[in-house]
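Tertiary structure, described
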Amino acid sequence: QVQLVESGGGLVQSGGSLRLSCAVSGSRFSRYAMGWYRQAPGKQRELVAAIPSVGNTNYADSVKGRFTISKDNVKNTVYLQMNSLKPEDTAVYYCNAVEVAAGMRHEYWGQGTQVTVSS
């Protein structure tokens with residue numbers, strides 16, 4: 001079973017920065033499309049940023065220019081650098097991995113890490 005373990009969340013003041021990390025178990029990391037999602041209280045989970053196994057990254061409009069997703073295929077880790085944080089970025093952030101192989105879609109989630117931005 002693939003495991004995703006997030007870290008790096010916490011409390012930060014508005015305008016501050018945090019870097020989230022997601023370590024992925026197993027040997028197939030380079031094949032995964034990776035994403036960061038977030039869910040604020042009372043709201044639906046939304047995609048924040050994604051990085052495919054090959055290709056370009058994409059971002060939610062609300063974080064463009066402030067957040068950067070990247071990955072290290074040697075460390076099996078995906079990162080989310082968050083700058084210029086705003087109170088509306090407060091949410092639980094989840095790491096997601098998707099692989100499509102042999103016509104089957106496999107999806108995995110981390111347990112989430114809380115990010116709180118104070119005004």
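In this report, the structure presented in the accompanying data block is examined. Model, not experiment: these values are computed from the prediction.

1. Observations regarding the state of the cysteines
- Enumeration over the complete set of coordinates arrives at one disulfide.
- A sulfur-sulfur separation of 2.1 Å characterises the disulfide bridge that pairs Cys-22 with Cys-95. The chirality of the disulfide connecting Cys-22 with Cys-95 is left-handed, given an S-S dihedral of about -85 degrees. With Cys-22 in strand β3 (residues 18-24) and Cys-95 in strand β9 (residues 91-101), this residue pair connects regions lying 73 residues apart in the sequence.

2. Points about the environment of Gln-13
- Along the polypeptide, Gln-13 turns up in strand β2 (residues 10-13).
- On the accessibility criterion, Gln-13 (61% relative accessible area) is exposed.
- The spatial distance from the C-alpha of Gln-13 to the C-alpha of Ala-23 is 26 Å, given a sequence separation of ten residues.
- Residue contacts for Gln-13: discarding those within four places in its chain leaves Val-117 and Ser-118.

Each value, and the rule that gives it
- Residues numbered from 1 in each chain as written.
- Predicted model: local features only at pLDDT ≥ 70, side-chain atom pairs only at ≥ 80, totals over all residues.
- Heavy atoms only, no water.
- Disulfide = S-S within 2.5 Å.
- Helix = DSSP H or I, 4+ residues; strand = E, 2+ residues; numbered from the N terminus.
- Buried < 20%, exposed > 50% of the residue type's maximum accessible area, 1.4 Å probe, protein only.
- Contact = heavy atoms within 4.5 Å.

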